[in-house]
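Take a look at the letters that make up each chain.
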Amino acid sequence: MDTTCPVERCEACALQAGERLEVAADQLISRVMRRRADSLTVEHDRTVTTLQKDPTLSASRLKHSHKAASSRKENDLGTDTKTEMRIGSRRRSRLLNRIKKAALWILAVYFCIPFVIKLCPAIQAKLVFLNFVRVPYFIDLKSPQDQGLNHTWNFYLQPEETITIGAWHTVPAILWKEAQGKGHLWYEETLASGFPIILYFHGNAGTRGGDHRVQLYKVLSSLGYHVVALDYRGWGDSEGAPSERGMTTDAIYIYSWLRERCGKNSIYIWGHSLGTGVATNVVRQLCEKDTPPGALILESPFTNIREEAKSHPFSLIYRYLPGFDWFFLDPITESGIIFPNDENVQHITCPLLILHAEDDAVIPFHLGRKLYDIVTSSRSSRKVRFIPFHKDLGYRHKYIYKSPELSQILREFLGDPISHH
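First, a word on scope: everything that follows refers to the structure included in this document. Being a predicted model, the structure only gives us computed values, none of them experimental. (Residues numbered from 1 in each chain as written. Predicted model: local features only at pLDDT ≥ 70, side-chain atom pairs only at ≥ 80, totals over all residues. Heavy atoms only, no water.)

## Considering the overall build of the protein
For step 1, the next point in the chain: When helices and strands are counted, the protein shows 14 helices and eight strands.
For step 2, the next point in the chain: For the protein, the proportion of its 421 residues judged to be buried stands at 41%.
For step 3, the next point in the chain: The long-range fraction of contacts in the protein, counting pairs at least 24 apart against all pairs at least 6 apart in sequence, stands at 74%.
For step 4, the next point in the chain: Accessible surface, the protein as shown: approximately 23,800 Å² in total, 58% of it carbon and sulfur. (Helix = DSSP H or I, 4+ residues; strand = E, 2+ residues; numbered from the N terminus. Buried < 20%, exposed > 50% of the residue type's maximum accessible area, 1.4 Å probe, protein only. Contact = heavy atoms within 4.5 Å. Areas by Shrake-Rupley, 256 points an atom, 1.4 Å probe, with all protein chains shown as cover.)

Shown next as structure tokens:
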């Protein structure tokens, strides 16, 4: 017979019941966790199995993910590219606008220049003479010694009451030592010392102190010639304004001045470029008075100023423009600038030597050849020679003085200056 207290029995039963409930709860939670884990494992196995059975599905999924990423990148790049293209387009547009404006300005200037020259012929005269271009700059024309001419005297003459022109007299190199420290009287006296004289007429632009001119003086002096070079009115330190008449007046005056002081010595006239026009003007007048010089040398000559202006490289952009003669050449003639070498040579009776380089770009070689043909066709009995210099020599317009053959050419044509002495 059970003697346990009913109350104690009830408490024990309650404890047992609670323990059973805790165990049951733990078991339930364990079962739920196991089922959930089993479910995830089964799902993973199914996924792996599916991918193994169908690899294309894996590739497509991967490809889809790559496409998505690429698409995002392309969208970003596309935005940057479009921005750069817009900026580039704006820059090109601004550049094109600037080019168009510049082209319009150039065209406007191109078409205005002929009318300006036609209305102002003095401009064309300035372009022919270029006396305002003084090269080299900062040279002291009163000191030819600065240019290596330490046997040269600077002096001034007055061909007209209001005009004073500057000139240099370089004595033969053989008199170099004797010339040191001498004054103008000694230099004038040497003009009659038996050595021939070359009176040099330079071309447009620059002065009597131009480098290529100084180099020619040295060559001629070394050969035994006196060299007298002047700056026409309006050039260098000479007074007045340039004109063909004035240049010719200055040249004739200095020739007469030399003639009065040289005794029986020969005077040869040498003209270069535009100076050939001055030279033929002078020699024609002397020949018509039966007082011709000993000879005339023309270096890089032209036929007349109109043909020279038309052949000059500066006229290239207008040469084929309708009305070129009316716009550009007629104003030159209206300014009294003609320099008719082709006409003058037909009245010249003294010996004539023409020197011309084939690569002369300023006065084309064919103009010198044409002038020679005009001379030879006049059936004159005078002595005439034409000496071309091959283009490979590179003498161009003003470097014929570099030719080692020049001394022999002059000796054959003029004779030996030392033997004259």
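Having seen it, we continue.
## With respect to helix α8 (residues 274-288)
For step 1, the next point in the chain: The terminal C-alpha atoms of α8 lie 22 Å apart, and with 15 residues this matches the ideal 21 Å at 1.5 Å per residue to within 8%.
For step 2, the next point in the chain: Counting buried residues in α8 gives 13 out of 15 residues, a clear majority hidden from the surface.
For step 3, the next point in the chain: At the exit of α8 stands Asp-290, carrying a positive phi of roughly 60°. (Expected span 1.5 Å × (residues − 1).)

## Focus: the nonpolar core
For step 1, the next point in the chain: Within the largest apolar cluster, 60 residues are counted, with the highest numbers of intra-cluster contacts made by Phe-129, Phe-201, Ile-269, Leu-296 and Phe-339.
For step 2, the next point in the chain: Aside from chain neighbours lying at most four places away, what touches Leu-296 is Ile-269, Ala-279, Thr-280, Val-283, Ile-348, Cys-350, Pro-351, Leu-352 and Leu-353.
For step 3, the next point in the chain: Formed by 31 residues, the second largest nonpolar core is a distinct cluster that contains Leu-141, Leu-149, Trp-168 and Ile-387. (Core = buried A, V, L, I, M, F, W, Y, C linked by side-chain atoms within 4.5 Å.)

## Description of helix α7 (residues 244-259)
For step 1, the next point in the chain: Over its 16 residues, α7 extends 22 Å from the first C-alpha to the last, a length consistent with the 22 Å expected when each residue adds 1.5 Å.
For step 2, the next point in the chain: Listed as buried for α7 are Glu-244, Gly-246, Met-247, Thr-248, Asp-250, Ala-251, Ile-252, Ile-254, Tyr-255, Trp-257 and Leu-258.

## Topic: the pairing of strand β7 (residues 352-357)
For step 1, the next point in the chain: Judged by how many residues are buried, β7 sits mostly within the fold: six of six residues are covered.
For step 2, the next point in the chain: Here β7 shows two buried faces, one formed by Leu-352, Ile-354 and His-356 and the other by Leu-353, Leu-355 and Ala-357.
For step 3, the next point in the chain: In this sheet, β7 lies alongside strand β6 (residues 295-299) in parallel orientation, the contact comprising four bridges. Bridge pairing in β7 links Ile-297 to Leu-353. (Pairing = 2+ DSSP bridges.)

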